[in-house]
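Results of the structural survey
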Amino acid sequence: RSTWRGASMGTIEELTASVKAQGDVVRALKADKKPKDDPEMVAALKKLTDLKKELEEASKPVETNPFVKTRGELDDVATRRFFYRQAFAIYGGTAGFYTYGPPGSALKANILAAWRKHFVIEENLLEIEDPTIMPHDVLKTSGHVERFNDFMVKDVKQEDKFYRADKLLEEEMERRIKLPATTEEDRVKYTKDLTAADSFTKEELGAKLKEYGIKAPETGNDLTDPYEFNLMFPTPIGPSGMLQGYLRPETAQGIFLNYKFCAEQNNDKMPFGVAQIGKSYRNEIAPRGGLVRQREFTQAEIEFFVKPGDKKFDKFRTVRHLKIPMLSSEVQLKGQPSFVKALGEAVDDGTIANETLGYFIGRVYMFLEEVGVKSEHLRFRQHLPTEMAHYACDCWDAEIEVSTGWMETVGIADRSAFDLTVHAEKTKVDLFAQEKLEVPETVEVVSMAKKAGALLGKDFKKEGVRVRGFLEGLKVEEARALEDRVKAEGKSEINVGGDKFTVTKDHVVFDIKKETKTSRNYVPNVIEPSFGIDRIFTAVLEHSYYARPSDPEEKEKEKIVRGVLGLSAAVAPYKAIIMPLDQRVSANETYQAMEGELRRGFAHRGINYKVDDSGATIGKRYARNDELGVPLAITVDFDSIGMGEDKALVRTVTLRERDTLTQVRMPVGDVAETVARIIMQQATWAEVQRSYSEVKNAASAAIGAGDGGGAGGSSQSAPAGGGSGGGGGAKKGA
């Protein structure tokens, strides 16, 4: 991520030696009691100061992450234009909570709409909406109550200062990697620890913090040993408060709980997928990085159910060719950089576990590119063996480079059958799929003898059903082994869902029957792509932002940053802006009729737009809407309303494209459909330019040169007497 300014390692060592040598010279002069104003002492001190400055300059990193230097400008735009702000701001705000403003809400909604189209519609998924509060039993069964933890450390002297232990280690490793004096051997070591930070055990993490002498960032005090902190928000359910619940930490569990009902809606066919979009909640120890680590955030998750052992996927052929930047667990453990490999090759050689997982990695890659993530700042990192859940087969994270570094944004995991299995065992509800056998097979089935079954009900009362279910669920060899043990010992203890029961030889009498089966039941495995929508939102903003060049003739103190959000028309919060050239045009009845026609055309097509009829110059209005990411601007000038010399241009407008700063003139009746075609990617701007005459626009040209549309910035301004400013150009063929 960083290179080094000026000096090589050899030069830095030479400068360090020079500083030491010159320091010795100064000390020798002081020992000789040379006065400070002695010419020799003055020269020696100046040389020492200059050498120290040169060494300091040579040691500074040059940040090659392109998003770092524009982050401050983007933060200013995001706050000032209310894309998002810290929630509860007038009360001082609360860390980890954010409010999306009008343009931010629209951009986020458009990203979600693109997600639904790309996945729910194109993959023909089922979609559900589940409550955001879950009862204790659900999350205890899923393992969240015991295991949904991060490791926390505290300042030993100021116990109100908490830190997430793995993040402190990551930050220290990033700092050390950037030090000029870091050797290649140390760089590899630091890179390994950086990669493995969130997979270390509590003890390993504590040892690493001590090894590197990591202290509390704000005070420099020692830190406590790491300890577990559960990230879930507890909440009582009901007026008595006796029913314990939690704000859900993920949307996935709601899908697993409703698997049975979704499978029925899919006619019990495999494979199939279920999606859910919604809020999740995690009580983050140290929320930071804006939208990157929040306590309330939006997830979009897919659970794609497949037959275990059969994870080939016909549609994988459509993405086999995609070349994806990958960081496999093997290269991470060696401290090596990412590599590029075709998905087909990665599945064939076992880098990626199976075709279904590979298919969704490819689809995630395509989606992120579609919404505006730059592919050169995107990679897929495989989980290390130590950080994968015990039930997972293979896991990959889509990581996007942003101003804070590489950000985990989408997780794509093969979760095997863990979730359905544990919920089925807890609830005693069958959460299986059924497949027809091509050739019927004869199998031995365990069932209770009639007399033994009746005795279970009599002796174990209401628990008799559970005990019988356990016994009849045994494999034939297990049933026979239990029967032999009870005959020999007279009794035996069995464990049923954590409860122990003692059974005797009268209870354990089995009737082993042979049955011909034409179908087989199995618990489906699941491939899970899980998306952090707020993180994708952050990446799209950072990757789309740029600043137009400043005017070289502008005085330095007067220079204005002319920021632009180069958002695609598909995700931009507003697709078009309607602007009268000035307030004389806006007062005209013809303009008002044309504005009404444009409004109706956009509303009919579901296109979000704005009207900017303020008194600012046309150039300044272009600039401030470029800052909002509006891709297209419609300007109604004096020609449009019949006050120009060319009456053939009445009821025509100019349509300007944000990034090229070019525009064409077209009839007002063509505008809404043209904008709609661009949004739907049914027409490119180049195709629009070929269909209509291009119009020269001094305001846009001035913005491109850094003028920003000051007084007299537009060739569409009305000349003396109120005529047209010659913003001419007619529809081709007119």
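Right, let's walk through the structure included here. (Residues numbered from 1 in each chain as written. Predicted model: local features only at pLDDT ≥ 70, side-chain atom pairs only at ≥ 80, totals over all residues. Heavy atoms only, no water.)

Thoughts on the sheet that holds strand β10 (residues 233-237)
Put simply, the rule is: What makes two strands pair is DSSP finding at least two bridges between them. Helix and strand labels come from DSSP, where a helix needs a run of H or I of at least four residues and a strand needs a run of E of at least two; each type is numbered from the N terminus. To obtain each axis, a line is fitted to C-alpha atoms, and for helices this fit is confined to the stretch in contact; angles are then taken between N-to-C directions over 0 to 180 degrees.
Taking strand neighbours across the sheet as the criterion, the 3 strands line up as β6-β11-β10 in an open arrangement whose pairing is antiparallel. The sheet is open, and its two edges are formed by β6 (133-135) and β10, each paired on a single side. Ignoring strand direction, the axes of neighbouring strands in this sheet form an average angle of 40°. Pairing geometry for β6 and strand β11 (residues 243-247), over 3 bridges, is antiparallel. Each bridged residue has a counterpart across the sheet, and for M134 the counterpart in β11 is Y246.

Regarding the packing of helix α4 (residues 102-121) against helix α19 (residues 533-544)
Heads up, the condition is: Oblique is the label for any angle not covered by the other classes, which are roughly parallel (under 35 degrees), roughly antiparallel (over 145) and roughly perpendicular (65 to 115). Any two residues having at least one pair of non-hydrogen atoms within 4.5 Å are treated as being in contact. Side-chain classes are defined by residue name, with Ala, Val, Leu, Ile, Met, Phe, Trp, Tyr, Cys and Pro counting as nonpolar, Asp, Glu, Lys and Arg as charged, and the others, Gly among them, as polar.
Relative to each other, α4 and α19 sit at 110°, their axes nearing to 10 Å. By the criterion of interaxial angle, the relationship of α4 to α19 is roughly perpendicular. Residues G104, L107, K108, I111 and L112 of α4 form the contact with α19, whose own contacting residues are I533, D534, I536, F537, V540 and L541. Among the residues forming the contact of α4 with α19, the class breakdown is 8 nonpolar, 1 polar and 2 charged.

Details of the pattern of salt bridges
Proximity of charged atoms lets side chains of opposite charge pair with each other. What counts is decided by this rule: Basic side-chain nitrogens of Lys or Arg form a salt bridge, by our definition, when they fall within 4 Å of a carboxyl oxygen of Asp or Glu. Per-residue accessibility, obtained with a 1.4 Å probe over protein chains only, is compared with the maximum for each type, and a residue is labelled buried under 20%, exposed over 50%, and partly exposed between these values.
Tallying each qualifying case throughout the model produces 61 salt bridges. Two residues, E123 and K315, come together in a salt bridge whose shortest N-O distance is 2.6 Å. Within this pair, whereas E123 is found in the loop between α4 and β5 (126-127), its partner K315 is found in the loop between β13 (296-306) and β14 (323-327), the two being separated by 192 residues in sequence. Judged by relative accessible area, which is 10%, E123 ranks as buried. On the basis of relative accessible area, K315 is assigned to the partly exposed category, the value being 31%. Residues D166 and R164 are paired through a salt bridge, measuring 2.8 Å at the closest nitrogen-oxygen approach. In this pair, the class of D166 matches that of R164, namely buried. One connected set of salt bridges, linked through shared partners, spans K117, E122, E123, K315 and R363.

A few points about the packing of aromatic side chains
Aromatic ring pairs are described here by two measures, namely the spacing of the ring centres and the angle between the planes. What counts, and what does not: Two rings from Phe, Tyr or Trp (for Trp, the six-membered ring) form a pair when their centres are within 6.5 Å of each other. A pair whose planes differ by under 30 degrees is stacked, one over 60 is edge-to-face, and the rest are tilted. In this scheme, the term charge over a ring applies when either NZ of a lysine or CZ of an arginine sits within 6 Å of the ring centre and within 35 degrees of the ring normal.
Counted under the stated rule, the structure contains 21 aromatic pairs. Consider the rings of F367 and F531, whose centres lie 6.0 Å apart with planes at 90°: the pair is edge-to-face. Placement of the pair is F367 in helix α14 (residues 355-371) and F531 in strand β23 (residues 525-532), with a sequence separation of 164 residues. Through successive ring pairs, a cluster of aromatic residues spans Y84, Y98, Y100 and F537. The side chain of R379 reaches across the aromatic face of W406, ending 4.1 Å from its centre. Above the ring of Y622, the side-chain terminus of R656 is found at 4.2 Å from the ring centroid.

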